[in-house]
Amino acid sequence: MTSADPLPRLVRHALPTLHTHLLSPQWQEPRIGIVHLGIGNFHRAHQALYTEEAMLAAGGDWGICGVTLQGDVGKRDALMEQQGLYSVVERGPRGAKVTVVRALREVLAMPHDHASLFARLADPLVRIVSLTVTEKGYCRDPKTGEVALDDPAVAHDLTHPLAPRTVPGILVAALRERRDSAAGEPFTVLSCDNLSHNGAALRQVVCSFARQRDPELADWIAAHVAFPSTMVDRIVPATTDAERATVADATGYQDAAPVPCEPFRQWVIEDRFPGGRPAWDTVGAQLVDDVTPFELAKLRMLNGTHSTLAYLSMLGGFDTIDAAIADPAMRDLIHAMMTQEIAPTLTMPASFDLPAYRDALLERYANPALKHRCAQIAMDGSQKIPPRLLATISARIDAGQSFTHLALAVAAWMTFLRGHADDDTRYEISDPLAGRLKTLAASAHGEPQALMDALLSVREVFPADLAARPEFRKVLRDALQLLRENGARGAIAASR
Ligand code: CS2
């Protein structure tokens, strides 16, 4: 081969030459036992790896069929040309570790592969349907927790139940088939998104969708389908050419879809799987009765500070999380926010060390190799702000305690919606409510009180009772004023 020849593509018959990049040389191709909706980077660097390790440790047919719900045939084809193989590039302070993952057996793109997906979902070998579809994928009405009937995609699925496009529509159609099949056995539905009480939240959305058309089916789902909650954690940025180059150098193969991630990972799962599950507990996942304390700690400590870093950085001009946390004033602010405002709202099992959890987070953020872009975390703020920041603020107000740092984070999001940094650099706002939020923010012409009044009226984000609380309004207004007068960097310095 000359240097101009392209590298061969990563495919299964190359595996024997790749043993230094495999978790173990032994491998028996499993049949598909899991359908995963939302085959993004997170799943591929987290649950898919745990699942491969669990199969290596204890066997089982838990191969994965991954589904993209956005019609992303490019992603499907890239992964299928590699027969489902892809590499995880773990980037730590001591360099990169490349692992080729084999657990993914099939990739489908909805709506194109509708028939194949429903054939899979009807297969009794499929005992788990897991999801990473981001907050907006749940089509939830934030006021009631039920399916959002005013969402046009939900309305479509209710009138075309055999051609669903939404997550609740797909799950209900598949569960109906399972109920009516000879075995009559459902699958377990496993939400792996960053929502509070993600299993219960998904159960409510699915049951309320089913109830619209078929109350008996809704009752059957409520009685027979398990929706365990989980807390998932691993920082997984978007793929760049750097990963493709790292994989090519390390393996000599071309991987069109590698995934970067940090070395750390954690998974806490409620152990309710009537149809069985991979032996995730043997490979580091914690199987517990109640995931709530872990989920709240992660959402509030990690995701809450991540969003804070993201919005302050978009205004103040830090590109990546490691650059932001390297700023001493920003680090002090995030440390103080976790120590003084977030940690006291959490009730953890005795063995859980919150100060150590905080320090580990700060160290993870400082990872210089990861290059996690703030713009990525800043997406979908309308979905992320309530569980990550507002729930903590409500808990602080209820306890009569201060929340100035948390309010600064919300103020930074509101200010971010104007669409430019303090130095006037423009950026895009990516959010399901982007159009409305941008119009509301623009109508305030930068005036703190007007900006606050306009955005607090968005009920999808701010519950009426919180938006009306005088303590909240006062502290938030002061934070908006601070940002307006000093810019983000000045506000961060003033908050130390
Ligand atoms: C991040 C999360 O993009 C974001 O909003 O806060 O994806 C975060 O990296 C993960 O939840 C870490 O487990």
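About the cut-offs
- Residues numbered from 1 in each chain as written.
- Predicted model: local features only at pLDDT ≥ 70, side-chain atom pairs only at ≥ 80, totals over all residues.
- Heavy atoms only, no water.
- Near = heavy atom within 4 Å.
- Polar contact = N/O pair within 3.5 Å; in protein donor to acceptor, adjacent residues only side chain to side chain.
- Areas by Shrake-Rupley, 256 points an atom, 1.4 Å probe, with all protein chains shown as cover.
- Helix = DSSP H or I, 4+ residues; strand = E, 2+ residues; numbered from the N terminus.
- Nonpolar A, V, L, I, M, F, W, Y, C, P; charged D, E, K, R; others polar.
- Domains from an automatic or database assignment.
- Pairing = 2+ DSSP bridges.
- Axes fitted to C-alpha atoms, helices over the stretch in contact; angles between N-to-C directions.
- Contact = heavy atoms within 4.5 Å.
- Phe/Tyr/Trp six-rings, centres within 6.5 Å; stacked < 30°, edge-to-face > 60°.
- Buried < 20%, exposed > 50% of the residue type's maximum accessible area, 1.4 Å probe, protein only.
- Lys NZ or Arg CZ within 6 Å of the ring centre and 35° of its normal.
- Buried area = accessible area lost by both parts, 1.4 Å probe.
- UniProt positions renumbered as here; feature names shortened; annotations may be inferred.
- Parallel < 35°, antiparallel > 145°, perpendicular 65-115°, else oblique.
- Core = buried A, V, L, I, M, F, W, Y, C linked by side-chain atoms within 4.5 Å.
- Salt bridge = Lys/Arg side-chain N within 4 Å of Asp/Glu carboxyl O.
- Arc of directions from axis to C-beta.

1. Here we look at the site of the ligand
Step number 1: As a structural note, the neighbourhood of the ligand is formed by Asn 194, Val 232, Asp 233, Arg 234, Ile 235, Lys 298, Asn 303, His 306, His 372, Ile 377, Lys 384 and Arg 388.
Step number 2: Asn 194 has a polar side-chain atom sitting 3.0 Å from an oxygen atom of the ligand.
Step number 3: Residue Asp 233 places a side-chain N or O atom 2.6 Å away from an oxygen atom belonging to the ligand.
Step number 4: Protein burial of the ligand: of its 340 Å² of free accessible surface, 88% is covered by the chains.
Step number 5: Only β8 (230-233), α10 (292-316) and α15 (381-398) provide two or more residues apiece to the shell around the ligand.
Step number 6: Per-element accounting of the shell around the ligand gives the leading share, 3 residues, to α10.
Step number 7: For the shell around the ligand, the residue count by class is 3 nonpolar, 4 polar and 5 charged.
Step number 8: Residues lining the shell around the ligand come from more than one domain, with at least three contributed by each of domain 1 (12-288) and domain 2 (292-494).

2. Things to note about the sheet that holds strand β9 (residues 259-261)
Step number 1: Within the open sheet, the 3 strands sit side by side as β4-β3-β9. Their pairing is mixed. Each of the sheet's edge strands pairs with one partner strand only, and the pair in question is β4 (95-101) and β9. Between one strand and the next, the sheet's axes are offset by a mean angle of 25 degrees, whatever the strand orientation.
Step number 2: The sheet contact formed by strand β3 (residues 86-92) and β4 spans 7 bridges and is antiparallel. Of the residues in β4, the one forming a bridge with Tyr 86 is Val 101.
Step number 3: In this fold helix α2 (residues 47-58) packs onto β3 and β4, with an angle of close to 65 degrees to the strand it touches most, β4.

3. Description of the packing of aromatic side chains
Step number 1: As enumerated under the stated definition, the model contains 10 aromatic pairs in all.
Step number 2: On the basis of an interplanar angle of 10 degrees and a centroid distance of 4.9 Å, the ring pair of Phe 416 and Tyr 427 is categorised as stacked. Highlighted residues: Phe 416 in helix α16 (residues 404-416) and Tyr 427 in the loop between α16 and α17 (434-443), separated in sequence by 11 residues. Of the two residues examined, Phe 416 and Tyr 427, each falls in the buried class.
Step number 3: Among the aromatic residues, those joined into a ring-pair cluster are Tyr 50, Trp 267, Phe 273 and Trp 280.
Step number 4: Just above the ring of Tyr 86 sits the side chain of Arg 44; from NZ or CZ to the centre is 4.7 Å.

4. Side note on the domain arrangement of the protein chain
Step number 1: Here the protein chain is partitioned into domain 1 (12-288) and domain 2 (292-494).
Step number 2: The centre of domain 1, based on its C-alpha atoms, is set 29 Å off from the matching centre of domain 2.
Step number 3: Across the contact, 31 residues belong to domain 1 and 25 residues belong to domain 2.
Step number 4: Here domain 1 meets domain 2 over a buried area of about 2,200 Å², counting both sides, of which 59% is carbon and sulfur.

5. A look at the sheet that holds strand β5 (residues 104-109)
Step number 1: Read across the sheet, 5 strands follow the order β5-β2-β1-β6-β7 without closing on themselves; strand pairing throughout is parallel. The two strands at the open ends of the sheet, each matched to only one other strand, are β5 and β7 (188-191). Neighbour-to-neighbour, the strand axes of the sheet open up by a mean angle of 20 degrees, direction not taken into account.
Step number 2: The pairing of strand β6 (residues 128-131) with β7 spans 4 bridges and is parallel. Bridged to Ile 128 within β7 is Thr 188.

6. What about the UniProt feature "domain: Mannitol dehydrogenase N-terminal" (unreviewed entry) in the protein chain?
Step number 1: Feature annotation in UniProt assigns "domain: Mannitol dehydrogenase N-terminal" (unreviewed entry) to the following positions: residues 33-281.
Step number 2: Here residues 33-281 runs as 38% helix and 20% strand, with 17 Å between its end C-alpha atoms.

7. Remarks on the packing of helix α7 (residues 198-213) against helix α8 (residues 215-224)
Step number 1: Between α7 and α8, whose axes approach to 6 Å, the crossing angle comes to 155 degrees. The angle between α7 and α8 places the two elements in the roughly antiparallel class. Between α7 and α8, the contacting residues are Arg 203, Val 206, Cys 207, Ala 210, Arg 211 and Arg 213 on the first element and Pro 215, Leu 217, Ala 218, Asp 219, Ile 221 and Ala 222 on the second.
Step number 2: Taken together, the residues of the contact of α7 with α8 sort by class into 8 nonpolar, no polar and 4 charged.

8. Let's talk about the nonpolar core
Within soluble globular proteins, side chains that are nonpolar generally end up buried alongside one another.
Step number 1: Counting 81 residues, the largest nonpolar core has Trp 413, Met 414, Phe 416, Phe 462 and Phe 472 as its most contacted members.
Step number 2: Two domains share this core, each providing at least three of its residues, namely domain 1 (12-288) and domain 2 (292-494).
Step number 3: In contact with Phe 462, other than residues within four places in its own chain, are Leu 390, Val 410, Trp 413, Met 414, Leu 455, Leu 456, Ala 467 and Phe 472.
Step number 4: Ranked by size, the runner-up nonpolar core spans 43 residues in total, among them Cys 65, Val 147, Ala 173 and Ala 174.

9. A word on the pattern of salt bridges
Step number 1: Applying the stated rule across the entire model yields 32 salt bridges.
Step number 2: With its nearest N and O atoms 2.9 Å apart, the salt bridge here joins Glu 460 to Arg 436. A residue pair is termed long-range when its members are at least 10 positions apart, and Glu 460 in the loop between α18 (448-456) and α19 (464-468) and Arg 436 in helix α17 qualify at 24 residues.
Step number 3: Since its relative accessible area comes to 27%, Glu 460 is described here as partly exposed.
Step number 4: It is possible to trace a salt-bridge network through shared partners that takes in Arg 176, Arg 179, Asp 180 and Asp 214.

10. Side note on helix α9 (residues 241-251)
Step number 1: Regarding α9, the residues found buried are Glu 243, Thr 246, Val 247 and Thr 251. Around the axis of α9, the buried residues are gathered within 100 degrees of arc, so they sit on the same side. Away from the buried face of α9 by more than 90 degrees, exposed residues Asp 241 and Asp 249 are located.
Step number 2: Where the residues of α9 are buried, they touch β3, β4 and β9.
Step number 3: At the C-terminal side of α9, Gly 252 shows a positive phi close to 80 degrees.

11. Let's talk about the environment of Ala 479
Step number 1: Its place among the elements puts Ala 479 in helix α20 (residues 470-494).
Step number 2: The sequence separation of Ala 479 and Arg 127 amounts to 352 residues, and the corresponding C-alpha distance is 49 Å.
Step number 3: Leaving out residues up to four positions away in the same chain, Ala 479 has contacts with Ala 407, Leu 408 and Ala 411.

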